[in-house]
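Each chain, written out:
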Amino acid sequence: MPFREVNSKMVEATVVPGQRLFSQRGAMLAYKGEVSFTPNIQGGQGGVMSMIGRRLANEATPLMTVEGSGTVLFGHGGHHVQVIELSGDTLYVEADRLLAFDGTLQQGTMFLGSQGGVMGMVRGQVTGQGLFTTTLKGHGAVAVMAHGGVFEVPITPQRPVHVDPQAYVAHHGEVRNKLSTALGWRDMVGRGSGEAFQLELSGSGSVFVQASEEKL
């Protein structure tokens, strides 16, 4: 595992020759050794519409490529950091919550509407969360960010889990997501989360929930 949790807000990554990591821009706090940081130019240029086009084309979100030999300390904005281990499965995570991850993991993008229908689009527009969720698949580790700590909630076929969309961090497993509203359309005016929307996750797996609805 390349990541070691130094404390609740910082992780140390081991970088070795021939392997690479990816990190969010601005996440490097300090490093030792011969380590290089190169911008990943597949995303983030040309404004919002250009980024949407790149994501629809399944290209990577803006990241830094980390290579060389040494150790790097990662953290961002004083947010809580959680390390998630993947063993061949797929992790679905909000792109802005990614701190760093193994370069061996296959990165993709899922349009939330593909599972949640029209309401998947409403989630992004009304709650302020992204319309897209980043997918990471394979064997490796992922460091994600959250407000106030992270709690992992198991999802079983007999017991789906309902999550406030703004408290959602990530999920993995054989899980389906569906956004529903607990209020009528007229009652939702001015409300972006909480009782107005619920993200229902069903199947087998787990969901990571943050302790605060505050956005990153």
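Refer to the structure printed above.
Described below are features of the structure shown in this document. (Residues numbered from 1 in each chain as written. Predicted model: local features only at pLDDT ≥ 70, side-chain atom pairs only at ≥ 80, totals over all residues. Heavy atoms only, no water.)

1. Quick look at the overall build of the protein
Turning to step 1, where the next piece is worked out: Counting its secondary structure elements, the protein contains two helices and 13 strands.
Turning to step 2, where the next piece is worked out: For the protein, the proportion of its 216 residues judged to be buried stands at 48%.
Turning to step 3, where the next piece is worked out: Expressed as a percentage of contacts within the protein between residues at least 6 apart in sequence, the contacts between residues at least 24 apart total 81%. (Helix = DSSP H or I, 4+ residues; strand = E, 2+ residues; numbered from the N terminus. Buried < 20%, exposed > 50% of the residue type's maximum accessible area, 1.4 Å probe, protein only. Contact = heavy atoms within 4.5 Å.)

2. Some thoughts on the packing of aromatic side chains
Turning to step 1, where the next piece is worked out: With the rule as written, the count across this model stands at two aromatic pairs.
Turning to step 2, where the next piece is worked out: With a centroid separation of 5.5 Å and an interplanar angle of 35 degrees, the aromatic rings of Phe22 and Phe101 are classed as tilted. Of this pair, Phe22 sits in strand 3 (residues 20–23) while Phe101 sits in strand 7 (residues 98–102); the two residues are 79 residues apart in sequence, bridging distant segments of the chain. Comparing Phe22 with Phe101, the two get one shared label, buried. (Phe/Tyr/Trp six-rings, centres within 6.5 Å; stacked < 30°, edge-to-face > 60°.)

3. So, the environment of Ala100
Turning to step 1, where the next piece is worked out: Considering the arrangement of structural elements, one finds Ala100 in strand 7.
Turning to step 2, where the next piece is worked out: Taking the relative accessible area as the measure of exposure, Ala100 reaches 0% and is therefore buried.
Turning to step 3, where the next piece is worked out: Taking the C-alpha atoms as reference points, Ala100 and Gln24, 76 residues apart in sequence, are found 6.2 Å from one another.
Turning to step 4, where the next piece is worked out: If sequence neighbours within four positions are ignored, Ala100 has contacts with Phe3, Phe22, Ser23, Phe74, Val142 and Ala143.

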